[in-house]
Amino acid sequence: MDVKRDEAWRLFCEWTQSDSLRKHVLGVEAAMVSYAREWNEDVELWAATGILHDLDYERYPDLETGHPRYALKELEERGYPQELIDAVAGHADFLGVPRETRLAKTLYAVDELSGFVAACALVRPTGIHGLTPKSVKKKMKQPSFAAAVNRDDLIRSAEELDVDFTEHVARVIAAMEERSDELGLEGKGEAA
């Protein structure tokens, strides 16, 4: 199957009404595309993987019986490439699916981090503009901030991807900043 980003986005929007979840996958997509370009990978495949990784989360949020199992079934039935399906399975640690490809490792490394970067941007007057890796790492030291995000996983996933953590954070910030308006990360203090 020839994977198309726009088809993946349409499918995701059929399954997901939540504006915040849509913004999340677009942030993940931005980071995935940045890495795909850096490593000369298939941009459409990497974009679609970023979008589709949480396909079933709104409908089936229970991690014991739901997400991402329904997404995996749907993607298989639609004939998506096994590499994409394996990456979606691998982003859920609790399924125990090893992340063996660069695609799977990248999805895992950018998923939680992009959400954490968005949380950091949302509490700043200038949004994502001017956000630095140093600021993100400082927020990581505050356990009450975005408390659901496992800090060890953020660091471990960059190590698994074999990228420097500070450079990884900088790349994710830059990728999301390029799409800040679409992601709702412009901030309140900037003139329109």
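Here, every reference points to the structure presented above.
A brief look at the structure comes next. On a predicted model such as this, the values are computed, not experimentally measured, just so you know.

Once that is clear, we can look at the overall build of the protein. Tallying secondary structure elements over the protein gives ten helices and zero strands in all. Of the regular secondary structure in the protein, the N- to C-terminal order runs α-α-α-α-α-α-α-α-α-α. Taking 16 Å as the expected radius of gyration for a compact globule of 192 residues, we find that the protein reaches 16 Å, a close match to that expectation. Expressed along its principal axes, the backbone C-alpha trace of the protein runs to roughly 45 × 35 × 35 Å. When each of the 192 residues of the protein is scored for burial, the buried share is 47%. Taking contacts inside the protein between residues at least 6 apart in sequence as the whole, the part at least 24 apart equals 66%. Here the protein has roughly 9,500 Å² of accessible surface; of this, 47% comes from carbon and sulfur atoms. Of the side-chain charges in the protein, 24 are positive and 37 negative, and the distance between the mean point of each set is 6 Å.

The grouping of Glu-7, Asp-42, Glu-44, Glu-76, Glu-83, Asp-86 and Glu-100 at the surface amounts to a negative patch. Assignment of secondary structure puts Glu-44 in helix H3 (residues 43-52).

Quick look at the nonpolar core now. Counting residues in hydrophobic clusters, the biggest one holds 55 residues, and the most contacted among them are Leu-52, Leu-75, Tyr-80 and Val-117. Here this core takes eleven residues from helix H6 (residues 102-122), the largest share from any one element.

Quick look at a nonpolar patch on the surface now. Where nonpolar side chains cluster on the molecular surface, the patch consists of Tyr-57, Leu-63 and Phe-94 and spans about 270 Å² of accessible area. As for its placement among the helices and strands, Leu-63 is situated in the loop between H3 and helix H4 (69-77). A residue is classified by how much of its surface remains accessible, and Leu-63, at 39% relative accessible area, is partly exposed.

Under the defined criterion, the tally for this structure stands at 14 salt bridges. A salt bridge links Lys-73 to Glu-77, with the nearest nitrogen and oxygen atoms 2.9 Å apart. A residue pair is termed a helical-turn pair when its members lie 3 or 4 positions apart in one helix, as Lys-73 and Glu-77 do in helix H4 at four residues. In terms of burial, Lys-73 and Glu-77 fall into one category: exposed. A salt bridge links Arg-99 to Asp-93; the nearest nitrogen and oxygen atoms lie 2.9 Å apart.

Here we come to helix H5 (residues 82-90). Those residues of H5 that fall on the buried side of the exposure criterion are Leu-84, Ile-85, Ala-87, Val-88, Ala-89 and Gly-90. Contact partners of the buried residues in H5: H3, H4 and H6.

Those residues of helix H1 (residues 5-15) lying buried are Arg-5, Ala-8, Leu-11, Phe-12, Cys-13 and Trp-15. On its buried side, H1 packs onto helix H2 (19-38), H3 and H4.

So, how was this worked out
- Residues numbered from 1 in each chain as written.
- Predicted model: local features only at pLDDT ≥ 70, side-chain atom pairs only at ≥ 80, totals over all residues.
- Heavy atoms only, no water.
- Helix = DSSP H or I, 4+ residues; strand = E, 2+ residues; numbered from the N terminus.
- Rg over C-alpha atoms; globule rule 2.2 N^0.38 Å.
- Buried < 20%, exposed > 50% of the residue type's maximum accessible area, 1.4 Å probe, protein only.
- Contact = heavy atoms within 4.5 Å.
- Areas by Shrake-Rupley, 256 points an atom, 1.4 Å probe, with all protein chains shown as cover.
- Lys, Arg positive; Asp, Glu negative; His and termini not counted.
- Charge placed at Lys NZ, Arg CZ, Asp CG, Glu CD.
- Patch = residues over 30% accessible without salt bridge, like charges linked within 9 Å, V, L, I, M, F, W, Y side chains within 5 Å.
- Salt bridge = Lys/Arg side-chain N within 4 Å of Asp/Glu carboxyl O.
- Core = buried A, V, L, I, M, F, W, Y, C linked by side-chain atoms within 4.5 Å.

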